[in-house]
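# Observations on the model geometry
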Amino acid sequence: MSDPASVAAAINAIISKPKIVPEKHLAKPPFKFLYDIVVGLKDATGFASDVFSADELSAAPEEKDGKIAFLQKIIDYTVAKTGATLSVKPQKICAGLEPENTCAWLAVLAQGAAEAKAAAAAPAEKPKKPKKGKDTEEPEAEAPKKGKTKKGEEKEAKEAKGDKKKGAKGDKADAGETKKGSKKGAEKGDKK
């Protein structure tokens, strides 16, 4: 697949810009054109999305060292992800030499990008299995509170009982006042 026409078809199937015309663009591909292909494939498929910093993707490098470093990163990533053996050298690409090796690299790059796109689409098509976790399991019994001793718990229990007794006496007192008040009100109402 390293002939220019099949390389162009593979890349054009994934990205719309830049549109590759094999005779024009792959005979001696300029760096900016290759940069746009790499960034376009990354954006369309996620391939090599973790390779470059935001600064490296904001604009194509203009110095020769920056161009070589960019190409070396993407070539190394392509080889690592696809397992392909490539004899392309970034220095030769920048000089416009060995376009057949550049096409071989672009073919492997397109293959890796297509696989990344397929892998990204595959999980969305699979039905999701219920996850085991808090939602599917029965709630566990509440764990005992740490730091409290038995004596501390007994003390809290006594205090709670004391509060209930006080509350009950207070309620009775309030009830008695209400009865007295209502009796007096009833007596006054009877006298009228």
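In this text, all values refer to a predicted model and were calculated from it rather than measured experimentally. Here the residue index of a chain counts from 1 through its sequence in written order. Local features are withheld for residues below a pLDDT of 70 in this predicted model, meaning they are given only at 70 or higher, and side-chain atom pairs are given and counted only at 80 or more; totals for whole chains, interfaces and linings count all residues. Calculation of side-chain values draws on the structure's entire complement of heavy atoms; hydrogens and water are dropped beforehand.

## Looking at the packing of helix H3 (residues 31-45) against helix H5 (residues 64-82)
- Where H3 contacts H5, the axes come no closer than 11 Å and their chain directions differ by 40°. Classified by the angle their axes make, H3 and H5 are oblique. Crossing handedness for the pair H3 and H5: left-handed. Residues Phe31, Tyr35 and Val38 of H3 touch H5, and the partners they reach there are Lys67, Phe70, Leu71 and Ile74.
- The nonpolar class holds Ala, Val, Leu, Ile, Met, Phe, Trp, Tyr, Cys and Pro. Asp, Glu, Lys and Arg form the charged class, and all remaining residues, Gly among them, are polar. By residue class, the composition of the contact of H3 with H5 is six nonpolar, no polar and one charged. The axes are straight lines fitted to the C-alpha atoms, using for helices just the contacting stretch, and the angles between their N-to-C directions are given from 0 to 180°. In this text, helices come from DSSP runs of H or I with a minimum length of four residues, and strands from runs of E with a minimum of two, each type numbered from the N-terminal end. Each angle receives one of four descriptions, namely roughly parallel if under 35 degrees, roughly antiparallel if over 145, roughly perpendicular if within 65 to 115, and oblique otherwise. Definitions for this section: a left-handed crossing has its near helix turned counterclockwise from the far helix by less than a right angle. A right-handed crossing has that turn clockwise. Whether two residues touch is decided by their heavy atoms; if any such pair falls within 4.5 Å, the residues are in contact.

## Some points on the packing of aromatic side chains
- Only rings of Phe, Tyr and Trp enter the pairing, Trp through its six-membered ring, and a pair is recorded when the two centres are within 6.5 Å. The plane angle decides the type: under 30 degrees is stacked, over 60 is edge-to-face, the rest tilted. All chains considered together, the criterion is met by five aromatic pairs.
- Note on Tyr35 and Phe70: the rings are 5.0 Å apart at their centroids and 45° apart in plane angle, and the pair reads as tilted. Of this pair, Tyr35 sits in helix H3 while Phe70 sits in helix H5, placing them 35 residues apart in sequence.
- Using a 1.4 Å probe on the protein chains alone, a residue whose accessible area is under 20% of its type maximum counts as buried, one over 50% counts as exposed, and one in between counts as partly exposed. A relative accessible area of 4% places Tyr35 in the buried class.
- Among the residues examined, Phe70 registers a relative accessible area of 3% and is labelled buried.
- Between Phe52 and Phe70 the ring centres are 4.4 Å apart and the planes differ by 15°, which places this aromatic pair in the stacked class. A residue pair is termed long-range when its members are at least 10 positions apart, and Phe52 in the loop between H3 and helix H4 (54-58) and Phe70 in helix H5 qualify at 18 residues.
- Under the relative-accessibility criterion, Phe52 is labelled buried at 7%.
- A connected cluster of aromatic rings, assembled from ring pairs, spans Phe31, Tyr35, Phe52 and Phe70.

## Let's talk about the nonpolar core
- Formed by 35 residues in total, the largest nonpolar core has its most connected members in Ile11, Ile37, Trp105, Leu106 and Leu109.
- For this core, the secondary structure elements donating two or more residues are helix H1 (4-14), H3, H5 and helix H7 (99-125).
- No other element matches H3, which puts eight residues into this core.
- Ile11 has contacts with Ile20, Ile37, Leu106 and Ala110, leaving out every residue within four places of it along the chain. We define the nonpolar core as a collection of buried residues of types Ala, Val, Leu, Ile, Met, Phe, Trp, Tyr and Cys that are connected through side-chain atoms lying within 4.5 Å of one another.

## Describing empty space enclosed by the protein
- For cavity detection a 1 Å grid was placed over the protein atoms alone, and a set of points counts as a cavity when a 1.4 Å probe fits there but cannot get out; an open set counts as a pocket when protein lies on both sides within 12 Å along at least five of seven lines, with lining residues being those that have an atom within 4 Å of a point. Grid points are joined across faces, edges and corners, and a volume is the space filled by probe spheres set on the points. Here the structure, examined in full by the defined rule, presents one cavity of 30 Å³ or more.
- As a volume, the largest cavity reaches approximately 30 Å³.
- Forming the boundary of the largest cavity are Lys28, Pro29, Ile93, Gly96, Leu97, Glu98, Pro99 and Thr102.
- In terms of residue class, the lining of the largest cavity is built from four nonpolar, two polar and two charged.

## Side note on H3
- The terminal C-alpha atoms of H3, which comprises 15 residues, lie 21 Å apart, in line with the 21 Å expected from a rise of 1.5 Å per residue.
- Along H3, 11 of the 15 residues are buried, which leaves the element largely enclosed by surrounding structure.
- Restricting attention to buried positions, one finds in H3 the residues Phe31, Phe33, Leu34, Tyr35, Ile37, Val38, Val39, Gly40, Leu41, Lys42 and Thr45.
- Looking one or two residues past H3, Gly46 carries a phi angle of roughly 85°, positive in sign. Helix span is expected to be 1.5 Å times the residue number reduced by one.

## A look at the environment of Val79
- Residue position: Val79 is located in helix H5.
- Counting along the chain gives 33 residues from Val79 to Gly112, while the straight-line C-alpha distance between them is 9.2 Å.
- Those residues in contact with Val79 that sit more than four places away from it in its chain are Ala84 and Leu86.

## Looking at the pattern of salt bridges
- Between Lys or Arg on one side and Asp or Glu on the other, a salt bridge is scored when a side-chain nitrogen of the former is within 4 Å of a carboxyl oxygen of the latter. Enumeration over the complete set of coordinates arrives at three salt bridges.
- Close ionic contact of Asp43 with Lys42 constitutes a salt bridge, the shortest N to O distance being 2.7 Å.
- A residue is classified by how much of its surface remains accessible, and Asp43, at 55% relative accessible area, is exposed.
- Exposure remark for Lys42: the relative accessible area of 16% places this residue in the buried category.
- The partner of Glu56 in a salt bridge is Lys73, with the nearest N and O atoms 2.7 Å apart. With Glu56 in helix H4 and Lys73 in helix H5, the pair connects residues that are 17 residues apart, well separated along the chain.
- Using a relative accessible area of 25% as the deciding quantity, one classes Glu56 as partly exposed.
- Judged by its relative accessible area of 34%, Lys73 is partly exposed.

As far as function goes, none of this settles anything; it's purely spatial.
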